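# Close look at the chain arrangement
Listed here are the chains, written in short residue letters.
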Amino acid sequence: MATIEEIKDNVLSKVKQEEEEKAQREKEKIKQKTEEQLKQIDSESENQRARFKKSDEQAEKNKQQQIKKAQRSKELEMQDHLVQDVFSKALDELNELSADELYDLIDQALTVVPDRDTVLLYGANNAHTLSDAQIQDLQAKHQHVTVSNETVRRAGGFILSQDAVDYNYTFSALLAEVENALSASFIQMAEDEEE
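The notes below deal with the structure included here.

### Considering the overall build of the protein
- Looking only at helices and strands, one finds 4 helices and 4 strands in the protein.
- Along the chain direction, N to C, the helices and strands of the protein fall in the order α-α-β-α-β-β-β-α.
- For 195 residues, the compact-globule estimate of 2.2 N^0.38 gives 16 Å, and the C-alpha radius of gyration of the protein, at 26 Å, exceeds that figure by more than 25%.
- The principal-axis extents of the C-alpha atoms in the protein amount to approximately 85 × 30 × 25 Å.
- Relative to its full complement of 195 residues, the protein shows a buried share of 37%.
- When contacts within the protein are restricted to residue pairs at least 6 apart in sequence, long-range pairs at least 24 apart make up 81% of them.
- Of the roughly 12,500 Å² that the protein leaves accessible, carbon and sulfur atoms contribute 46%.
- In the protein, which carries 25 positive and 42 negative side-chain charges, the distance between the mean positions of the two groups comes to 13 Å.

In structure tokens form, the structure reads like this:
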């Protein structure tokens, strides 16, 4: 029985591996194109230097800086697109969890939250995943739980609500945490390469 952390780690591992492979291929293409452009600029610059010396050297540096900035911008945009694509696929996979997997997740989450009156709200994407027998079994194991007839619109997973505290186990919320960390690491990598 997989824990929430194991599922998050598994999804993160898959996402990270796919993203890194795609990003590396795209990065190599962009790098090759950039190198070709830089060679062409260097060749053109040699001819210009003979005629204009100092002013053209500065213009060349500006062009190279612009190309490098454009390359970094393209890389970040490509990485962002890949992250969005991979996390969208991961969210789709999580929304297709079996009844047993969803049951195990809810059961584990209920063991973590305090034992007091708790309302279970399903995400609309999983509202009819568990059987009546599984719901009854959950309520027998965790007698403080009632299942709400309401659902969380356009979401998979569930929310456990206790008084004024909501424990958000919707899949989009779980993945958003990982996605934000991954996006930040890409930005940091781009800044490190810039230096």
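Still to come is the rest of the account.
### Looking at a negative patch on the surface
- On the surface, a cluster of negative charge is made up of E18, E20, E21, D92, E93 and E96.
- Within the secondary structure, E96 is located in the loop between α1 (4–95) and α2 (99–112).

### Details of helix α3 (residues 132–141)
- If you check which residues of α3 are buried, you get Q134, I135 and L138. The arc that holds the buried residues of α3, viewed along the axis, is 100°, so those residues lie on one side. Facing away from the buried side of α3 by more than 90 degrees, the exposed set consists of D132, A133 and Q136.

### Thoughts on the pairing of strand β2 (residues 145–152)
- As paired elements, strand β1 (residues 118–123) and β2 share 5 bridges and run parallel to each other. Its bridge partner lying in β2, Y122 is registered against T151.

### Here we look at the sheet that holds strand β4 (residues 165–170)
- Read across the open sheet, the 4 strands follow the order β2-β1-β3-β4; overall the sheet is mixed. On the outer flanks of this sheet lie β2 and β4, each paired with one strand and no other. Ignoring which end each strand starts from, the neighbouring axes of this sheet average 20° apart.
- Bridge analysis of β1 against strand β3 (residues 157–162) gives 4 bridges, and the strand direction is antiparallel. Along β3, the bridge assignment pairs L121 with I159.
- Sheet strands touched by α2: β1, β2, β3 and β4. Its angle to β3, the strand with the most contacts, is close to 25°.

### Re the layout of surface pockets
- Of the volumes computed, that of the second largest pocket is approximately 160 Å³.
- Split into classes, the residues belonging to the lining of the second largest pocket amount to 3 nonpolar, 3 polar and 4 charged.

Reading the values: rules and limits
Residues numbered from 1 in each chain as written. Predicted model: local features only at pLDDT ≥ 70, side-chain atom pairs only at ≥ 80, totals over all residues. Heavy atoms only, no water. Helix = DSSP H or I, 4+ residues; strand = E, 2+ residues; numbered from the N terminus. Rg over C-alpha atoms; globule rule 2.2 N^0.38 Å. Buried < 20%, exposed > 50% of the residue type's maximum accessible area, 1.4 Å probe, protein only. Contact = heavy atoms within 4.5 Å. Areas by Shrake-Rupley, 256 points an atom, 1.4 Å probe, with all protein chains shown as cover. Lys, Arg positive; Asp, Glu negative; His and termini not counted. Charge placed at Lys NZ, Arg CZ, Asp CG, Glu CD. Patch = residues over 30% accessible without salt bridge, like charges linked within 9 Å, V, L, I, M, F, W, Y side chains within 5 Å. Salt bridge = Lys/Arg side-chain N within 4 Å of Asp/Glu carboxyl O. Arc of directions from axis to C-beta. Pairing = 2+ DSSP bridges. Axes fitted to C-alpha atoms, helices over the stretch in contact; angles between N-to-C directions. 1 Å grid on protein atoms, 1.4 Å probe; cavity = no way out; pocket = protein on both sides within 12 Å on 5 of 7 lines; lining within 4 Å. Points joined across faces, edges and corners; volume = space filled by probe spheres on them. Nonpolar A, V, L, I, M, F, W, Y, C, P; charged D, E, K, R; others polar.

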